[in-house]
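Overview (structure and organization)
Now for the letters of each chain:
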Amino acid sequence: MKPFEKIKSFSYVFYFLTCVLISQVYATIDYSVIGDKITFNNDGIKLQIDSLMFCKVTYVNGSKSMFMHTTRVDNDNTRPSHFLSIKGDDIYRFVVIKNSTVPITTELGTGYRLRIEGNAHEQHNVSIKKILTLELYDKYPNVAIAKVEYVNTGTVDLKITTLWDQVFRLDRSLVNPSVNSNELKAVGLGGVHTNELNYQIRDLSKEFNSSGTNYENLNDFYTGGLSGDIAKGWENWGGGGTPLLSVWGGEMAMTIGQLETTVKPVYLPLKTDDENKVFMTIKQVDDIPNFTAGSTLSSYKTMICVHSLDFYNGLRNYSLIMQDLGLMMPAFTQNDYSEYWCSFGAADRKGISDADIPYIRSRIDQINELGISTINIDSRCFGPTGDYLIEDDLLALVKELKDDGFNVGGWVDFGWAHKNSSIYKSNKSSYILDKSGNVYTDKWGRVAICPTQSGVIDSMKATVALVLDTYGFDRLFHDGTLLCPPCYNPAHNHASPHESEELWWQNTIGEVYKTAKEIKPDVTLELCACGTAHSFHHLPYTTHITVSDPDVFSKRCHEVNGKIMKALFGPRAPVNGDHIEGCGEYLHPPMDYMFSLVLGNGQVYQTYFWKDLATSEMTLYKKWFDLYREHMIAKEEYLNLYNFGYENGSVYPVVIKKDRELFYAFYRVYDSTQWSGTIDLLGLEEGVVYTLVDYTNDNSPLGIVTGPVAQWEMTIDKNKPVLFKAVPKTSL
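Rules behind the numbers
Residues numbered from 1 in each chain as written. Predicted model: local features only at pLDDT ≥ 70, side-chain atom pairs only at ≥ 80, totals over all residues. Heavy atoms only, no water. Helix = DSSP H or I, 4+ residues; strand = E, 2+ residues; numbered from the N terminus. Contact = heavy atoms within 4.5 Å. Areas by Shrake-Rupley, 256 points an atom, 1.4 Å probe, with all protein chains shown as cover. Phe/Tyr/Trp six-rings, centres within 6.5 Å; stacked < 30°, edge-to-face > 60°. Buried < 20%, exposed > 50% of the residue type's maximum accessible area, 1.4 Å probe, protein only. Lys NZ or Arg CZ within 6 Å of the ring centre and 35° of its normal. Axes fitted to C-alpha atoms, helices over the stretch in contact; angles between N-to-C directions. Parallel < 35°, antiparallel > 145°, perpendicular 65-115°, else oblique. Nonpolar A, V, L, I, M, F, W, Y, C, P; charged D, E, K, R; others polar. Bend = angle between axes of the 7 residues up to and from the residue. Polar contact = N/O pair within 3.5 Å; in protein donor to acceptor, adjacent residues only side chain to side chain. Expected span 1.5 Å × (residues − 1). pLDDT = per-residue confidence, 0-100. Pairing = 2+ DSSP bridges. Salt bridge = Lys/Arg side-chain N within 4 Å of Asp/Glu carboxyl O. Left-handed = near helix turned anticlockwise from the far one by under 90°.

Secondary structure assignment for the protein yields 14 helices and 39 strands. Within the protein, contacts between residues at least 6 apart in sequence are counted, and of these 69% link residues at least 24 apart. With an accessible surface of roughly 26,400 Å², the protein has 48% of that area assigned to carbon and sulfur atoms.

Rendered as structure tokens:
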């Protein structure tokens, strides 16, 4: 379709004619209108909006400009970046009638806002005005932030079924003609609890096809719903996650995300079309208000980030933006990096409670011998979930352990209660009901307390005081930290069932965090999302995060989710490797491999050996725990230097910087064959000579290299990763 082919209004034509060659420059942010093209760009991103409000997003990397999504063509496969649907019909062509820019100063710093107005094209037979607002900031040169308002300018009420934001149809061949359009990788952070979808890098050319196989549920989704005819996530024990989706190739990456500071129900589907183009978007289908005549309907605030390498840069930008918007990450203490032993696993392996006191006492001698400073008493240590009662034997154990010099942690589960608990039996009116009017119960038999109900917060505060003051615990391990389900309890008078989800983190985990820090400023608060992706909205209320059940739920969990959490939680954040023994049991690599995997990824050691370790096992454990304490690279800076999925096949490189030393780790996937070849060592200082040292084996020297990039030959076995550090020999 030619730009003016169906624009019949003289005012539209006059608008475009008067805008020819309009141009303004704001430091690094530039705005111009030439013909029917509006261009709005920053140092790293360029947006070009055409006469029908289709947006082309270009990644600017120095002198290179590239894009990998299709632009407007005369077929129905391509859509604008933002549109809506009415009873399944897409309303997506809006004729631009006006645009303007203004300087802005917000929580994100200084920048400029572009406002574009357009009326629905006559082919849609509706009277709707679309107002697209785009923001570029000096602080975030690769990011554009968007929000859309739709105004019903007609006289008829309309039923909006879907709001679509950040819609892109990806084709990698546009940036690299030598590859197929769907030769891309993806990571989705939706809260689906399944071993097939979490944390893994998805190879879209192998796993997606045009015959119906797609992963709308790859990132499905933030509030636990699964798309299509798949069961809702809460019925399938899902929920939670972070509203982010990142897709990348060897040349560039695109990351989209929702920027609301409270939980909002969205889906982030990813699928292929019949031409093997990859479709990604943020989709809202819940809580869409009635679009009555004269009313205005607003979408959620979203972002598009174009960047280099894999998902890390996009997720890091998202984290920093969300922190600017008020969801600040906590300050970490040395206790947050303490390696620890927990009693998890006793029930499965010993046939006793995970909090069995004689069993815990039987482990103390070997825990001491390994130099482990912290013991965590695991699940059900307080009886039925929800009841936190004074138990003399538990009090005595905690005192004994603390007298012996241990930090002691306890398992908690705030916001939930078991049907056998006294708190549930005495206060049933506070609990969440599902759509059928039944008390919502998850797979653990827990029922959810609605965070909007009076008395819930005060009760939790009193419980926190009991656990930390009366028992004397130094850390809290909060288990099963998934998203709160929607509440349909009519007695709670919710404006929306999703109100419980919106208030879950600040009214439950947030209050636990604040109360605990007031009582013990150096308390450690650890959250586990139990095999599903963590919600960014709970990260401000924790000081120690886990990679969540890597033994069962993902072979790539340590490397991929470790990198995800370093991007979201912080490059120096305490990320727990979790379940060293579990990975050894379920996935069958040697224990030596698992220890090196966690150490090399800059993660905190957690062990739960449930039997007496043999002499050889003690030697192995002691070696790695001593190395952990000696180098403490878990608290050092995680560097994003390599592109996961595009570095020498399936080699996964990790680099952590400690002062001027660089700690390198190179892994193969568990089921792959041995790999030999040359790898570029990145991150070295220019002109500086380094000695490569095998710090896991008596600091044996391996060779000499010179920065800024050095090539190094190595052999990597699937069960024997390569770990070494680069130590500078000269001073700057």
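What follows covers the packing of aromatic side chains. Geometrically, a pair of aromatic rings is defined through the distance of the ring centres and the angle of the planes. For the coordinates displayed, the defined rule picks out 36 aromatic pairs. Ring geometry for F609 versus Y621: centroids 5.8 Å apart, planes at 90°, classification edge-to-face. Linking F609 in the loop between β31 (606-607) and α14 (615-631) with Y621 in helix α14, this pair joins segments that are 12 residues apart in sequence. When sorted by exposure, F609 lands in the same class as Y621, which is buried. Three or more aromatic residues link up through ring pairs in this structure, and these residues are W341, Y359, F595, Y605, F609, Y621, W624, F625 and Y628. K563 extends its terminal NZ or CZ atom over the ring of F644, reaching a point 4.2 Å from the ring centre.

What follows is about the environment of D474. When you line up the elements, D474 lands in the loop between α8 (456-470) and β27 (475-478). Accessibility expressed as a relative area gives 16% for D474, which makes it buried. With 51 residues separating them along the chain, D474 and L525 place their C-alpha atoms 9.1 Å apart. Leave out the neighbours within four places in its chain, and D474 touches K402, F406, N407, V408, K520, V523 and T524.

Mapped onto the elements of the fold, H631 is located in helix α14. With a relative accessible area of 4%, H631 lands in the buried category. Setting aside anything within four residues of it in sequence, one finds H631 in contact with K658, F663, Y695 and K725.

Cis peptide bonds are those with omega within 30 degrees of zero, and the linkage from G707 to P708 qualifies with 15°. Of note, P708 is situated in the loop between β37 (700-706) and β38 (710-716). Even without being a glycine, K87 presents a positive backbone phi close to 50°. Tracing the sequence through the fold places K87 in the loop between β7 (82-86) and β8 (89-91).

Its location among the elements puts I457 in helix α8. Sequence separation between I457 and T508 is 51 residues; the distance between their C-alpha atoms is 6.8 Å. Setting aside anything within four residues of it in sequence, one finds I457 in contact with N507 and E511.

In a packed pair of helices, the relevant descriptors are the angle between the two axes and the axis-to-axis distance. For the pair helix α5 (residues 357-369) and helix α6 (residues 392-403), interaxial distance at closest approach is 11 Å and the crossing angle is 10°. Judged by the inter-axis angle, α5 sits roughly parallel to α6. On α6, the residues touching I357, I360, R361 and I364 of α5 are D393, L394, L397, E400 and L401. Split into classes, the residues belonging to the contact of α5 with α6 amount to six nonpolar, no polar and three charged.

For α5, the principal kink sits at R363 and spans about 35°. All of the buried residues along α5 are I357, Y359, I360, R363, I364, Q366 and I367. Of the residues that open α5, the one with a side-chain oxygen 2.9 Å from the backbone nitrogen of Y359 is D356. One or two positions beyond α5, positive phi appears at G371, with a value near 80°.

Let us now look at α14. Along its 17 residues, α14 runs 24 Å from first to last C-alpha, staying within 8% of the 24 Å computed at 1.5 Å per residue. Those residues of α14 that fall on the buried side of the exposure criterion are M618, Y621, W624, F625, L627, Y628 and H631. Two residues or fewer after α14 comes M632, characterised by a positive phi angle close to 45°.

Right, let's talk about the confidence of the model for the protein for a bit. Across the protein, pLDDT averages 84, with 85% of residues at or above 70. Here residues 193-197 scores under 50 on pLDDT; set against residues more than four positions off or in separate chains, the count is 17 contacts. Across residues 210-237, confidence stays below pLDDT 50; counting only partners more than four residues off in sequence or on other chains, it has 106 contacts.

The strand order across the open sheet built from five strands is β8-β7-β13-β19-β18, with neighbouring strands paired in antiparallel fashion. With one partner strand each, in any of the chains shown, β8 and β18 (270-272) form the two edges of the open sheet. Going from strand to strand, the sheet's axes swing by 35° on average, the running direction of each strand aside.

Its location among the elements puts H492 in the loop between β27 and α9 (499-519). A distance of 2.8 Å separates the side chain of H492 from the backbone oxygen of S429, its partner in a polar contact.

Taken in spatial order, the six strands make up an open sheet running β32-β33-β34-β39-β36-β37, and their pairing is antiparallel. Both outer strands of the open sheet, β32 (637-639) and β37, are each paired with one neighbouring strand and no more. For this sheet, the mean inter-axis angle between neighbouring strands, taken without regard to orientation, is 25°. As paired strands, strand β34 (residues 661-668) and strand β39 (residues 722-728) are joined by five bridges and run antiparallel to one another. When the bridges of β39 are listed, A665 appears paired with L723.

Bringing the pattern of salt bridges into the picture now. On inspection of all chains with the given rule, the structure shows 29 salt bridges. Here E275 ties to K277 by a salt bridge, and the two come within 3.9 Å at their closest N and O atoms. Exposure remark for K277: the relative accessible area of 14% places this residue in the buried category. Residues participating in the shared-partner salt-bridge network are E339, K622, D626 and R629.

Turning our attention to the packing of α8 against α9. Relative orientation of the contacting elements α8 and α9 amounts to 40°, with a least axis distance of 9 Å. One finds that α8 runs oblique with respect to α9. Where α8 crosses over α9, the handedness of that crossing is right-handed. Of the residues in α9, those touching α8 at I457, M460, K461, V464, A465, L468 and D469 are N507, T508, E511, V512, T515, A516 and I519. Looking at the contact of α8 with α9, its residues break down into eight nonpolar, three polar and three charged.

On to the pairing of strand β10 (residues 109-120). Where strand β9 (residues 94-106) and β10 come together, 12 bridges link them in antiparallel fashion. Bridging across to β10, P103 finds its partner in Y112. In this structure, the hairpin formed by β9 and β10 is closed by a connection of two residues. Relative to strand β11 (residues 128-137), β10 runs antiparallel, the two sharing nine bridges. Residue pairing for β11: L114 is matched across the bridge by L134.

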